[in-house]
Amino acid sequence: MATKSTKRLVGYARVSTGEQELQLQLDALRKAGCAKGDTFNDKISGSKSIRPGLDACLKHLKPGDTLVVWRLDRLGRSVRHLIDVVEDLRQRGVGFKSLCDGAIDTTTASGELIFHIFTALAQFERRLIQERTKAGLTAARARGRLGGRPPMEVNDPRIQTAKTLHADKRMPIADICQTLKISRPTLYRWLTVK
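Residues numbered from 1 in each chain as written. Predicted model: local features only at pLDDT ≥ 70, side-chain atom pairs only at ≥ 80, totals over all residues. Heavy atoms only, no water.

(A) Geometry of the side chain of Asp 105. Take Asp 105: it is sitting in the loop between β4 (95-98) and α4 (109-142). Buried within the structure, Asp 105 lacks any salt-bridge partner; Lys 97 is the closest side chain of opposite charge, at an N-O distance of 4.2 Å. Side chain to side chain, Asp 105 and Thr 107 meet in a polar contact 2.4 Å long. Leaving out residues up to four positions away in the same chain, Asp 105 has contacts with Phe 96, Lys 97, Gly 111 and Glu 112. (Helix = DSSP H or I, 4+ residues; strand = E, 2+ residues; numbered from the N terminus. Buried < 20%, exposed > 50% of the residue type's maximum accessible area, 1.4 Å probe, protein only. Lys, Arg positive; Asp, Glu negative; His and termini not counted. Salt bridge = Lys/Arg side-chain N within 4 Å of Asp/Glu carboxyl O. Polar contact = N/O pair within 3.5 Å; in protein donor to acceptor, adjacent residues only side chain to side chain. Contact = heavy atoms within 4.5 Å.)

This is the structure:
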């Protein structure tokens, strides 16, 4: 006998600092139908990539569930991050709803349309940034400016030290890199400077 899957509303709330209060968001999530055991929260800046409450919330979600947030800015670090999270949810069969941003409810046709418009705008913004960057680099090259760091001279003390330590063969590559506070690719690049 197949078991019927239950559709849950799973809530996520976040405040940026310890002085801010979560209760407003938690009350709104409860009123929307999120059970206490299905509500997760963080007291951390939205710019932080590690948010334990959000990570636990995302792991908790099952196909058929809907993630509910008070406002869009409580979930995403940026528009791009928000779109990536909601797209991941969609692929997992999980809906998304923002309580204060009325039209954002991917469980409805109109809400899904609005979110697709957001996705298109984010893609447009990313393309504009790429085009401006490319145009800026082209203009700089036309004026004779090259990007990147200036080449290092063979008599630079850091290069000399790297070459000496490498030629000695007593110190492993990892230890040379740690001592000089450089990456392995940088070490190998320095070893080829002539």
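(B) Looking closely at helix α2 (residues 52-60). Burial in α2 covers these residues: Gly 53, Leu 54, Cys 57 and Leu 58. For α2, the arc enclosing every buried residue in end-on projection is 130°, short of the 170-degree limit, so these residues lie on one face. The exposed set on the far side of α2, more than 90 degrees from its buried face, consists of Pro 52 and Lys 59. Where α2 is buried, its residues contact β1 (9-15), β2 (39-43), β3 (66-69) and α3 (79-91). (Arc of directions from axis to C-beta.)

(C) Quick peek at the nonpolar core. Residues Tyr 12, Leu 67, Leu 75, Leu 89 and Phe 96 are the most contacted members of the largest nonpolar core, which totals 21 residues. The set of elements that each furnish at least two residues to this core consists of β1, α2, β3, α3 and α4. At five residues, α3 tops the list of elements feeding residues into this core. Among the nonpolar cores identified, the runner-up in size contains nine residues, and Ala 162, Ile 173, Cys 177 and Val 193 belong to it. (Core = buried A, V, L, I, M, F, W, Y, C linked by side-chain atoms within 4.5 Å.)

Any link to function would need more than the numbers given here.
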